[in-house]
Amino acid sequence: MSRRTRPTAASTIHIPRQRGGRREPVILVVSSEPSPTLTSRAALAVGRWAWKHRLAWAPTAIATVLLVVTGVVHLIEPRTAWFLAALALAPAGVWAWGMLRRPVSRQAALWRAVLAVFATAVGAWFALAVWFAPTRPALFTAWTVLTLAAQVAWLVARRMTLVSEKESA
């Protein structure tokens, strides 16, 4: 007959019967888990920080998803780039149509123009990345520059929005 052994990961401590109406002994199981390593602590700290600031890093997350999507679409059907190239001109057309439709302030017109140029650049990058592959050095550099520009603009716009909300309150 084989003898049953207790697992080494936990030690069982039997506490003697207590006075009173209790008939069964109390059993306390103490886990002997190893303490977390420095790497796991660092990963946990980075994960908590990233979760806390997830909205601030939205442009970088979106750009990373776009990088992966362009790689997958390039592998499946690179000829999709022709449709995407035509679609890349849409932001400029929407901006021009909006400028003809209703006059706006000079600052609003500038912001809209900058956004239209940026959206057109992203659309053009997307089309080129689908056609040539996003891992080409020139396209990867363009992705990095566009991601940094979007991230900085996002943080500046959020800061300006938070300041204006505090002033109006």
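For clarity, every value in this text was computed on a predicted model and none was experimentally measured.

Engineer: Please clarify how the overall build of the chain should be interpreted in this entry.
Structural biologist: Counting its regular elements, the chain contains six helices and two strands. Listed by position from the N terminus, the elements making up the chain come as β-β-α-α-α-α-α-α. Scored against the burial criterion, the 169 residues of the chain give a buried share of 16%. Residue pairs in contact within the chain that sit at least 24 positions apart in sequence constitute 60% of those at least 6 positions apart. Within the structure as shown, the chain displays about 13,900 Å² of accessible surface, and the carbon and sulfur contribution to it stands at 69%.

Engineer: Before we go on, may I ask you to explain unusual backbone geometry in this structure?
Structural biologist: What is expected of a backbone is that most residues other than glycine have negative phi and most peptide bonds are trans. Even without glycine at this site, Ala133 takes up a positive phi of about 100 degrees. Here Ala133 lies in the loop between α5 (106-132) and α6 (137-168).

Engineer: What am I meant to see in a nonpolar patch on the surface here?
Structural biologist: A contiguous nonpolar surface patch, about 470 Å² in accessible area, is contributed by Trp111, Leu115, Val152, Val156 and Met160. Mapped onto the nonpolar patch, the elements with two or more residues apiece are α5 and α6. When residues in the nonpolar patch are grouped by element, the largest group, three residues, is from α6. By the element assignment, Val156 lies in helix α6.

Engineer: What am I meant to see in the packing of helix α2 (residues 58-76) against α5 here?
Structural biologist: Each pair of packed helices can be described by the angle between their axes along with the distance between the axes. Closest axis-to-axis distance for the α2/α5 pair is 7 Å, and the angle between their directions is 40 degrees. Relative to α5, the element α2 lies oblique. Taken as a pair, α2 and α5 cross one another with a handedness that is right-handed. Every residue of α5 that contacts α2 at Leu66, Leu67, Val69, Thr70, Val73 and His74 is listed here: Trp125, Phe126, Ala129, Val130, Trp131 and Phe132. Across the contact of α2 with α5, the residue classes tally to ten nonpolar, two polar and no charged.

Engineer: Please clarify how the packing of aromatic side chains should be interpreted in this entry.
Structural biologist: Here a ring pair, both rings aromatic, is described through the centre-centre distance and the interplanar angle of the planes. The final tally for this structure, using the stated rule, is three aromatic pairs. Look at Phe140 and Trp143: their rings are 5.4 Å apart centre to centre, the planes differ by 25 degrees, and that puts the pair in the stacked class. Placement of the pair is Phe140 and Trp143 together in helix α6, with a separation of three residues, close to one helical turn. Over the ring of Trp51 we find Arg54; its NZ or CZ atom is 4.0 Å from the centre of that ring.

Engineer: Quick question: what am I supposed to make of the side chain of Thr147 here?
Structural biologist: Positionally, Thr147 belongs in helix α6. Residue classification places Thr147 among the buried residues on the basis of a relative accessible area of 9%. The contact partners of Thr147, leaving out residues within four places of it in the chain, are Thr60 and Ala63.

Calculation criteria
Residues numbered from 1 in each chain as written. Predicted model: local features only at pLDDT ≥ 70, side-chain atom pairs only at ≥ 80, totals over all residues. Heavy atoms only, no water. Helix = DSSP H or I, 4+ residues; strand = E, 2+ residues; numbered from the N terminus. Buried < 20%, exposed > 50% of the residue type's maximum accessible area, 1.4 Å probe, protein only. Contact = heavy atoms within 4.5 Å. Areas by Shrake-Rupley, 256 points an atom, 1.4 Å probe, with all protein chains shown as cover. Patch = residues over 30% accessible without salt bridge, like charges linked within 9 Å, V, L, I, M, F, W, Y side chains within 5 Å. Salt bridge = Lys/Arg side-chain N within 4 Å of Asp/Glu carboxyl O. Axes fitted to C-alpha atoms, helices over the stretch in contact; angles between N-to-C directions. Parallel < 35°, antiparallel > 145°, perpendicular 65-115°, else oblique. Left-handed = near helix turned anticlockwise from the far one by under 90°. Nonpolar A, V, L, I, M, F, W, Y, C, P; charged D, E, K, R; others polar. Phe/Tyr/Trp six-rings, centres within 6.5 Å; stacked < 30°, edge-to-face > 60°. Lys NZ or Arg CZ within 6 Å of the ring centre and 35° of its normal.

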